[in-house]
2 protein chains.
Amino acid sequence: MKILVVDDEKLIQDVISEYLKANQYDVFLASNGEDALSMILKQDFDLLILDIMMPQMDGFTLLKEIPKEKRIPTIVLSARGEEVDKLSGFSLGIDDYVTKPFSPKELIARVKAVLARCQSSIGDIYTYQGLEVHFLSRSIFIDQKEISVTPKEFDLLSYLIKNKGIALSREQLLSHVWGYDFFGEDRTVDTHIKMLRNSLGSYRKCIVTVHGIGYKYVEEK
Amino acid sequence: MKILVVDDEKLIQDVISEYLKANQYDVFLASNGEDALSMILKQDFDLLILDIMMPQMDGFTLLKEIPKEKRIPTIVLSARGEEVDKLSGFSLGIDDYVTKPFSPKELIARVKAVLARCQSSIGDIYTYQGLEVHFLSRSIFIDQKEISVTPKEFDLLSYLIKNKGIALSREQLLSHVWGYDFFGEDRTVDTHIKMLRNSLGSYRKCIVTVHGIGYKYVEEK
DNA sequence: AATAAAAGTGAAAGTTTCGTGAAATTTAAG
DNA sequence: CTTAAATTTCACGAAACTTTCACTTTTATT
């Protein structure tokens, strides 16, 4: 997940960048609209975090300059009181607003929400080589053959895939897959990972344990 | 495809309308619940996009006023923070939520998804091998022989088929087949599934239980 | 290499969910 | 009003799933 952060204040850049990196995102920085635009034209980002108020080229202008095929999910930062015209936001494809001052935790939450929303609406089927996960029908295929998994296995795999490449702690997995109100053991996750791996056959390698942290899903067989 | 957009803010109407038209949809506008209701009673729409917060008649009230036979797929717009009770939404037959501010791209994606889901088999006969379901005449044939089913069994099968491949929760089934105003047990669904399966003979296998979720229809005998 | 911490695993125990027959209730029809 | 049909609730056994536990293996550290 590559995120481009555009802000003219070095301090804010640093804070955001640090938190995003701690959450396993790839962070890129730009301190003005021109730089950001040229970066966007050169490579593909998954998310844009953009300060509206900047010298020279402001956020709105930047958004308008981005060509259609390069448009990406965007979270806008604005100072409290700055009456951001929500409507002009709409038509520019803004996905969320965060008002300064904000807590990094909140920002991370928004980032995750926006990314989840944008990914999920793209397709209800995940495919990697011979592995297919159909989220709507809640079914999994390996080499065109449906395999049967338990509900927890399915939810666990779904969550891992939707956060592919990101190391997820047992706590994270428990709170997202089991629910915040689950009060069982950490190690329950391990057991389900075990069962999931068995179900996945040769694709068990896609579920990698991150020692001392938890697990992550990667696309490598 | 005729879509009715109900929102009291002229600007939002315009934005949505513009994007929908660009995607080849026929757009109709209403700025309050009363107008919307009378339009719905006069003509058939394929989709309703509805703002919950409106002066006079709010979205929920409008939904309740729409007679059963005129009910249509609905996407609800709500402002962030407006704690829409997702559950009460489900029982009103709402198909999707979009939170303001939203990107038009996202809205279009949702619109397509909901319409695809709902009109997947709008034709009035569904056929799979020796199974025929005639939606208009409300009759079912298995190997050219008509079988008799109760009204609920028919509605249940119809809804399952129209959402084939999608795992449907008991709540979803209750709100769409029974109506949002049904306040009975979850498990009622199970009993009707049981009876439907018995009626379907060898095609009982098409109705698959999704453990922990509900049921889905699949084309496999 | 020794040690401690973390992760893998098989199996038992516990819990939830589901299928089903039968009874109770509601609805529709005569 | 009576009767049949349809719908809903209920309860219990069966099946499926989840969690814990104890033990083994692996990994990281000194």
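Placed above this text is the structure.
Numbering of residues starts from 1 in every chain and runs along the sequence as written. Working convention: letters from A go to chains and numbers from 1 go to ligands, in the order in which they are written. The model is predicted, so local features are restricted to residues of pLDDT at least 70 and side-chain atom pairs to those at 80 or more, both for listing and for counting; the totals for chains, interfaces and linings are taken over all residues.

A. Quick peek at the protein's contact with DNA strand D. Residues in close proximity to DNA strand D total 23 residues, the closest being Thr150(A), Lys152(A), Gly184(A), Thr150(B) and Gly184(B). Elements supplying a minimum of two residues to the surface near DNA strand D: α6 (151-162) and α8 (188-200) of chain A together with α6 (151-162) and α8 (188-200) of chain B. Tallied by class, the residues present in the surface near DNA strand D amount to five nonpolar, ten polar and eight charged. Working rule for contacts: place C-beta from the backbone, and if it is within 6 Å of a molecule or strand, that residue counts as near it. Helix numbers and strand numbers start at the N terminus; a helix is a DSSP run of H or I with at least 4 residues, a strand a run of E with at least 2. Amino acids are sorted into nonpolar (Ala, Val, Leu, Ile, Met, Phe, Trp, Tyr, Cys and Pro), charged (Asp, Glu, Lys and Arg) and polar (every other residue, Gly among them).

B. Structural view of the protein's contact with DNA strand C. Taken together, 18 residues lie near DNA strand C, and Asp190(A), Thr209(A), Asp190(B), Lys194(B) and Thr209(B) sit nearest. Of all elements in the fold, only α8 of chain A together with α8 of chain B reach the threshold of two or more residues within the surface near DNA strand C. Residues belonging to the surface near DNA strand C are distributed by class as follows: three nonpolar, eight polar and seven charged.

C. Representation of the pairing of strand β3 (residues 47-51) of chain A within the structure. Residues and elements named next belong to chain A. With five of five residues buried, β3 lies mostly within the body of the structure. Field definition: a residue is buried when 20 or more other C-beta atoms are found within 10 Å of its C-beta, exposed when 12 or fewer are, and partly exposed for counts in between, with C-beta atoms placed from the backbone. Taking every second residue as pointing to the same face, both faces of β3 are buried, with Leu 47, Ile 49 and Asp 51 on one and Leu 48 and Leu 50 on the other. Think of it this way: DSSP has to see at least two bridges between two strands before they count as a pair. Pairing analysis gives four bridges linking strand β1 (residues 2-6) to β3, with the strands arranged parallel. Pairing of Leu 4 across the sheet is with Leu 48, part of β3.

D. Molecular detail of the sheet that holds strand β11 (residues 207-210) of chain B. All names here are of chain B. An order of β10-β12-β11 is seen for the three strands of this open sheet, with the pairing classed as antiparallel. On the outer flanks of this sheet lie β10 (168-169) and β11, each paired with one strand and no other. Sheet analysis places β10 next to strand β12 (residues 214-217), joined by two bridges and oriented antiparallel. Each residue of the ladder has a partner; that of Ser 169, found in β12, is Gly 214.

E. Expanded view of the packing of α6(A) against helix α7 (residues 170-178) of chain A. All names here are of chain A. Each axis is a line fitted through C-alpha atoms, taken for helices only over the stretch in contact, and angles between the N-to-C directions span 0 to 180 degrees. Their axes nearest at 10 Å, the elements α6 and α7 cross at an angle of 120 degrees. Put simply, α6 runs oblique to α7. In this structure, α6 meets α7 at a crossing whose hand is right-handed. On α7, the residues touching Asp 155, Leu 156 and Tyr 159 of α6 are Leu 173, His 176 and Val 177. Relative orientations are named as follows: roughly parallel for angles under 35 degrees, roughly antiparallel for angles over 145 degrees, roughly perpendicular for angles from 65 to 115 degrees, and oblique for any other angle. Handedness of a crossing is defined here by the sense of rotation of the near helix relative to the far one, left-handed for an anticlockwise turn of less than a right angle and right-handed for a clockwise turn. We call two residues in contact when the distance between their C-beta atoms, placed using the backbone, is within 7 Å.

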